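# Fold and geometry: a report
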Amino acid sequence: MSSNQEYQYLNLLKDIKENGSNKKLFFTQEVLQQYKDKNEEPPYIKSVFGKQIRFDLSKGFPLLTTKKVFIRGIIIELLWFLRGDTNIKFLVDNNVHIWDEWAYKRYRKENNPLNPPSQGETFSSKEELLSQEEFIEKIKNKPADSDFVKKWGDLICVYGRMWRKWPASDGREIDQLGWCIQGLKEKPFRKSYVVSAWNPDFIYAMASSGNANEVPPFCHTTFQFQVTGDGTLNLGLYQRSADVFLGVPFNIASYALLLLMVAQITGLKPGEFVHTFGDVHIYSNHFDAINEQLSREPKPFPIMKLNPEIKNIDDFKYENFILENYDPHPAIKAEIANIGGF
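Here's what I pulled together on the structure shown here. Since the structure is predicted, the reported quantities are computational estimates derived from the model, not experimental observations.

What follows is about the overall build of the chain. A count of helical and extended segments in the chain gives 11 helices and 10 strands. Along the three orthogonal principal directions, the C-alpha set of the chain runs to about 65 × 50 × 35 Å. Within the chain, buried positions represent 53% of all 342 residues. When contacts within the chain are restricted to residue pairs at least 6 apart in sequence, those whose partners lie at least 24 apart make up 72%. Approximately 16,300 Å² of the chain is accessible, and the part contributed by carbon and sulfur atoms is 50%. Averaging the positions of the 41 positive and the 43 negative side-chain charges in the chain gives two centres separated by 3 Å.

Written as structure tokens, this is what we have:
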């Protein structure tokens, strides 16, 4: 294999193309109607199970070069997670729209006049249905404390809440990531620095009343920090479900960036990001895009520099990150599939 680490990702694409099995996806009636309105068939997936890739951050920042990756979106999303935020208002205000579909999905479902009214509601209480573009524009133009933004911009449960504000049984909010960071500073060789996003109390039929939502169960299930004897910090992610074309390039860069940030504030050296997959798959409407990406030769990874003066995970801002020597092939666009829900 070439020394270029990106070939691990490209070989995973080839593996799925050649060895994956075809599987149907679950879509809510509202999403199926959107495909019907566009006169399109919903996509299916081709998937394999149980794969792993790893990236040594001393050899560059693993931002794919066979297509241009939206690094600003990755940084803004990660900062949003680190805030413990669940409302897309922060993302929308920063012109990052990777979570728009999930907020709009719930809004469309609850305001669809074809749906029966919920308890205490009448058909007349349903507001006129906005398009997704109108919905996002309204989120952007209204203040964060407006009733519309608080109700419809809130995804209820996303990664940041579980990382930083895990709801405990006694009413506390547990900062899992904060606990790990403090432990890495004080007792770096412990093996228990794990952050879990998998909380059954928010997942589909298992969810408590008021916790259920239209966002699928977390794909990035859990991640773990590990320190070697020479003070090198590694990060391992288990991802139960992975959209290998659209999602995985984001995931690789995001967790590699998190590793760099935590290494800096704990005084450790960044080591490897190890990415382990459960079900890793290609969507059928991405086949052509993947063929185009596989026809390209990868280039050397860029360098990511962080402001060395930042010593607290909550103090990072977008301007504290500088990407150098990124020379990718052009972007390849593909449509996201809005799967899951009740």
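So, about the packing of aromatic side chains. Think of a pair of aromatic rings as described by two things: how far the centres are apart, and how the planes are tilted against each other in angle. Throughout the structure, instances matching the rule amount to 22 aromatic pairs. Among the aromatic residues, those joined into a ring-pair cluster are Trp80, Phe81, Trp99, Tyr159, Trp163, Phe218, Phe223, Phe225, Tyr255 and Phe273. Sitting over the ring of Phe245, Lys67 keeps its end group 3.5 Å from the ring centre. Over the aromatic face of Phe148 sits the side chain of Lys138, whose NZ or CZ is 4.4 Å from the ring centroid.

Here we come to the side chain of Lys46. Checked against the element boundaries, Lys46 lands in strand E2 (residues 45-56). An unpaired buried charge is present at Lys46: no salt bridge exists, and Asp15, the closest side chain of opposite charge, is 10 Å distant. A distance of 3.2 Å separates the side chain of Lys46 from the side chain of Asn22, its partner in a polar contact. Among residues more than four places away in sequence, those in contact with Lys46 are Ile16, Lys17, Gly20, Ser21, Asn22, Val280, His281, Ile282 and Phe287.

What the 6 strands build is an open sheet, ordered E1-E2-E8-E7-E6-E5; its pairing is mixed. Strands with a single pairing partner mark the edges of an open sheet, and in this sheet they are strand E1 (21-23) and strand E5 (194-196). On average, adjacent strands in this sheet sit at an angle of 20° to one another, irrespective of strand direction. Bridging between E5 and strand E6 (residues 220-227) involves 3 bridges; their strand directions are antiparallel. Paired with Val194 across the bridge in E6 is Gln224. In the packing of helix H9 (residues 176-186) onto the sheet, the strands contacted are E5, E6 and strand E7 (232-243), and the crossing angle to E5 comes to about 175°. Lying on the sheet, helix H10 (residues 247-266) is in contact with E2, E6, E7 and strand E8 (269-283); it crosses E8 at an angle near 160°.

Each value, and the rule that gives it
- Here, residues in each chain are numbered from 1, in the same order as that chain's written sequence.
- Reporting of local features is limited, given that this is a predicted model, to residues whose pLDDT is at least 70; pairs of side-chain atoms are given and counted only at 80 or more, and all residues count toward the totals for whole chains, interfaces and linings.
- Note that water and hydrogens are dropped before the side-chain values are worked out from all heavy atoms of the structure.
- Helix and strand definitions follow DSSP, with helices as H or I runs of at least four residues and strands as E runs of at least two, each counted in order from the N terminus.
- Buried residues are those whose accessible area, probed at 1.4 Å on protein chains only, stays under 20% of the maximum for their type, while exposed residues exceed 50% and partly exposed ones sit between those limits.
- Residues count as neighbours in contact if any of their non-hydrogen atoms are within 4.5 Å of one another.
- All accessible-area figures derive from a Shrake-Rupley calculation using a 1.4 Å probe, and residue coverage is judged against the displayed protein chains alone.
- All tallies of charge rest on Lys and Arg as positive and Asp and Glu as negative; His and the ends of each chain are not included.
- We put the charge of a Lys on NZ, of an Arg on CZ, of an Asp on CG and of a Glu on CD.
- Two rings from Phe, Tyr or Trp (for Trp, the six-membered ring) form a pair when their centres are within 6.5 Å of each other. A pair whose planes differ by under 30 degrees is stacked, one over 60 is edge-to-face, and the rest are tilted.
- Only when the NZ of Lys or the CZ of Arg is both within 6 Å of the ring centre and within 35 degrees of the ring normal is a charge said to sit over the ring.
- Salt bridge, as used here, is a side-chain nitrogen of Lys or Arg placed within 4 Å of a carboxyl oxygen of Asp or Glu.
- In the analysis that follows, any N or O atom pair within 3.5 Å is treated as a polar contact, provided that within protein one partner can donate a hydrogen and the other can accept it, and provided that, for residues neighboring in sequence, both atoms belong to side chains.
- In this analysis, strands are considered paired if DSSP registers two or more bridges between them.
- Between N-to-C directions, angles cover 0 to 180 degrees, with each direction set by a line fitted to C-alpha atoms, over the stretch in contact for helices.

Read these as geometric descriptors, not functional statements.
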